[in-house]
Amino acid sequence: MTASFLYLLICLIAAIALIVLLTTKYKVPAFFALILSAFLVGLSVQMPIGLMIVTIKDGFGNILKLLGLVIVLGTTLGVLLEYTGSTAVMAGYILKRTGEKHAAWAMSITGFIVGLPIFCDSGFIVLSGLNKSLARRAGIPLTMMSVSLATGLYAVHCMAPPHPGSTAAAGIIGADIGKLMVYGAIIGIPGMIVGNLWAKYAGRKYPDDKPVIEVNPAVMLQGPSVIKAFLPIIVPLLLIALKSFITLGVLSHAKWLVQLLSVGDPVTALMVGILLAFNCKRNWTKTELGTLLQDSVDKAGGILIIIGAGGAFGAILAATKIGVHFSEFLNLGYLGLFFPFLLTFVLKTAQGSSTVAIITAATIVQPLLANLGLDSENGRLLCVLAMGAGSMMISHANDAYFWVIAKFSGLEMKAMLRVYAIATIFMGLTSITLVYILSKFI
């Protein structure tokens, strides 16, 4: 399986082009696009069929072993929070604290918090009705409010587990998922702020012609109490953060304390969050509980097969020793964090899906970690964060989330491109800047 660097590079470009072509023009599901690309690379380098199939199977299974439970539990937590009305309660509480004049900030903050366990498209759909009501009640352009909500959800979706892109990248690269949750959420905050500021600046140019209506505030407060609504999100994050702090700090020698805080493992922490989410509603019936859990499994299944396919593609690339060839011909050390960022940015812009972009980029970057100077615990963490920043930009007409925002907000293409799409550029650039600054301190 020896091949020249130029030939391997052509194979890699062809594989990426195939992924982009199949997922964008021909609307082929990402799973099949990734698997076909894996076979393309394997056949191109004359890998024996038997070895190629074994490599694909191993790559598929190994990544699911690492991430399967995190994805399923994270999806379940999101479904439960939607069903119990916890998201509306959180939105109403934040609006009450910020006031109607700062409704755009309220929606950004709500989107960010709700987006921690819930996928951005689902979160936007659930909150879109509330968003419209608040926009009309406060007399704020719907474009401004919708993009504020969208960017709040999007900031954390790209940066932090249990969202599939960053979670899969962590598994492929070998980054600590617990630390990624904490750092990803922290770096996502400035991204949210930048998105909000641009939404308020550019969104003013698209006023609404719809009448202002009054909304009964009680509608926003249906569901559990504020404390119950927030706990399923806050407690898991605190457990994960506390474990990371103790294992890194002076108390790391207290083995009994580290074992006690095994509850801070992402899988255990998410299970705690799910138990707390059950407390957000009384009188559960067997039928609704079974339906919700089945819905969670169904949603997670589609995500898991994409992640598995990404692992298979990565295993094939690793088998070609492409990292060794890159190291011989290119001095990637000068690029460092900017290589995974730029690679993910190009993939995201070309084919639209942040998840596919970051998974594909992770499989390419993984064998190059040593050459990039990122082959350490903190280096891998920073690498995934850089790819998360790259997966933010640019969200435009080939992104499904782009159309979710447009459809549920009733925004025209011009407003979406000039306000939302440009906001994602600023968000990505802000995030990679912060990742670079972070790299100087850890």
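The rules we used
- Residues numbered from 1 in each chain as written.
- Predicted model: local features only at pLDDT ≥ 70, side-chain atom pairs only at ≥ 80, totals over all residues.
- Heavy atoms only, no water.
- Disulfide = S-S within 2.5 Å.
- Phe/Tyr/Trp six-rings, centres within 6.5 Å; stacked < 30°, edge-to-face > 60°.
- Buried < 20%, exposed > 50% of the residue type's maximum accessible area, 1.4 Å probe, protein only.
- Lys NZ or Arg CZ within 6 Å of the ring centre and 35° of its normal.
- Helix = DSSP H or I, 4+ residues; strand = E, 2+ residues; numbered from the N terminus.
- Expected span 1.5 Å × (residues − 1).
- Polar contact = N/O pair within 3.5 Å; in protein donor to acceptor, adjacent residues only side chain to side chain.
- Contact = heavy atoms within 4.5 Å.

We now examine the state of the cysteines. Per the stated rule, a full pass over the model turns up zero disulfides. Cysteine 120 supplies the cysteine sulfur nearest to cysteine 158, a cysteine that is in no disulfide, at a spacing of 6.9 Å.

Within a pair of aromatic rings, the relevant descriptors are the distance that separates the centres and the angle that separates the planes. Taken as a whole and assessed by the stated rule, the structure comprises 14 aromatic pairs. Relative to tryptophan 403, the ring of phenylalanine 402 has its centre 5.3 Å away and its plane inclined at 80°; by these criteria the two rings are edge-to-face. In this structure tryptophan 403 comes out as partly exposed when scored by relative accessible area, which is 42%. Feature note: the residues Phe124, Tyr154, Tyr401, Phe402, Trp403 and Tyr420 constitute an aromatic cluster, connected by ring pairs. Sitting over the face of the ring of tryptophan 284, lysine 281 holds its NZ or CZ atom 5.1 Å from the ring centroid.

So, on to unusual backbone geometry. The omega torsion of the bond from proline 161 to proline 162 falls at 10°, within 30 degrees of zero and hence cis. In this structure, proline 162 sits in the loop between helix H7 (142-159) and helix H8 (164-173). Located in the positive-phi region is glutamine 46, a residue other than glycine, with phi close to 60°. If you trace the backbone, glutamine 46 turns up in the loop between helix H2 (30-44) and helix H3 (49-83).

Given a rise of 1.5 Å per residue, 34 residues ought to cover 50 Å, and the 48 Å separating the end C-alpha atoms of helix H13 (residues 286-319) matches this to within 8%. Directly after H13, the chain includes lysine 321, whose backbone phi takes a positive value near 60°.

Let us look at the side chain of serine 166. For serine 166, the location among the structural elements is in helix H8. Among the polar contacts made by the side chain of serine 166, one reaches the main-chain carbonyl oxygen of alanine 160 at a distance of 3.2 Å. Contacts of serine 166, omitting those with residues within four sequence positions, involve Cys158, Met159, Ala160, Pro161, Leu180, Ile358 and Val384.

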